[in-house]
Amino acid sequence: MSPFSKYLHQLRTSYGVRQVELAEWLGYEQSYISALEIGTKGPPTAEFVQRLVDVLSLTEEQQQELQKTIEASQRKLVIPTGVHEDVYWLMQDLRKHLNTLRPAEINIIREIIKLKDSPSPNLSLPVRQVRSRRKEEAKM
């Protein structure tokens, strides 16, 4: 199940709406709603999303979460031009092992990627400053 599929199901059930009712309100087939919820179709078109927002009168927070889950549910990845060759090899490795990665391995990979976003002030200091700090700390 994709993040979008899961969120659509949660939205629908939290509003107490059956798939057939939601399909009627949105102007789609019930089978399409079902396919979106189990993840065999999707992510949806912008038209579907707007209808969903309007029909369920989604809050701003719900709309943001909906967009976030749609982005996370994209199945195709385009590697930007100009990236290092190692990026291509990394993507090849991920494609090869995608179906066999365990949740713990996925979490490790995600944590490594998150390191890039976290500030590390000591890593940006020149080596001399780090060494002189260590000497000062040792004297104390």
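Before reading on, note that the structure itself is shown above.
Now for a description of the structure that goes with this document. (Residues numbered from 1 in each chain as written. Predicted model: local features only at pLDDT ≥ 70, side-chain atom pairs only at ≥ 80, totals over all residues. Heavy atoms only, no water.)

### Remarks on the packing of aromatic side chains
- Under the definition given, this model contains three aromatic pairs.
- Arranged with centres 5.1 Å apart and planes meeting at 70°, the rings of Y28 and F48 form a pair that is edge-to-face. You can see Y28 sitting in the loop between α2 (19-26) and α3 (30-38) and its partner F48 sitting in helix α4 (residues 46-56), a full 20 residues away along the chain.
- Taking relative accessible area as the criterion, F48 reaches 0% and is therefore assigned buried.
- Geometrically, the ring pair formed by Y32 and F48 is edge-to-face, given 5.8 Å between the ring centres and 80° between the ring planes. You can see Y32 sitting in helix α3 and its partner F48 sitting in helix α4, a full 16 residues away along the chain.
- Among the aromatic residues, those joined into a cluster by ring pairs are Y28, Y32 and F48. (Phe/Tyr/Trp six-rings, centres within 6.5 Å; stacked < 30°, edge-to-face > 60°. Helix = DSSP H or I, 4+ residues; strand = E, 2+ residues; numbered from the N terminus. Buried < 20%, exposed > 50% of the residue type's maximum accessible area, 1.4 Å probe, protein only.)

### Observations regarding a nonpolar patch on the surface
- Residues I108, I112 and L115 make up a contiguous nonpolar surface patch of about 320 Å² in total accessible area.
- With respect to the element layout, I108 can be found in helix α7 (residues 103-115). (Patch = residues over 30% accessible without salt bridge, like charges linked within 9 Å, V, L, I, M, F, W, Y side chains within 5 Å. Areas by Shrake-Rupley, 256 points an atom, 1.4 Å probe, with all protein chains shown as cover. Salt bridge = Lys/Arg side-chain N within 4 Å of Asp/Glu carboxyl O.)

### A closer look at the environment of P3
- Within the secondary structure, P3 sits in helix α1 (residues 3-14).
- Beyond its immediate chain neighbours, meaning those up to four positions away, P3 contacts T69, A72 and S73. (Contact = heavy atoms within 4.5 Å.)

### A few points about the nonpolar core
- Core analysis: the biggest nonpolar cluster contains 18 residues, and F4, L22, F48, L52 and L66 have the highest contact counts within it.
- Broken down by secondary-structure element, the contributors of at least two residues to this core are α1, α2, α3, α4 and α5 (60-72).
- No other element matches the five residues that α4 contributes to this core.
- Residue contacts for F48: discarding those within four places in its chain leaves F4, L26, Y28, Y32, I33 and L36. (Core = buried A, V, L, I, M, F, W, Y, C linked by side-chain atoms within 4.5 Å.)

### Some points on unusual backbone geometry
- The backbone phi angle of S57 is positive, close to 50°, even though this residue is not glycine.
- Mapped onto the elements, S57 comes out in the loop between α4 and α5.

### Looking at the pattern of salt bridges
- Under the defined criterion, the tally for this structure stands at five salt bridges.
- Of the charged contacts in the structure, one is a salt bridge between K68 and E65, with a shortest N-O distance of 3.9 Å. With K68 and E65 both in helix α5 and three residues apart, the pair spans about one turn of that helix.

### Focus on the packing of α1 against α5
- Where α1 meets α5, the closest approach of the two axes is 7 Å, and the angle between their N-to-C directions is 150°. The pairing of α1 with α5 is recorded here as roughly antiparallel in orientation. Facing P3, F4, Y7 and L11 of α1, the residues of α5 in contact are Q62, E65, L66, T69, I70 and A72.
- Looking at side-chain class alone, the contact of α1 with α5 contains seven nonpolar, two polar and one charged residues. (Axes fitted to C-alpha atoms, helices over the stretch in contact; angles between N-to-C directions. Parallel < 35°, antiparallel > 145°, perpendicular 65-115°, else oblique. Nonpolar A, V, L, I, M, F, W, Y, C, P; charged D, E, K, R; others polar.)

Distances and angles like these do not, on their own, reveal function.
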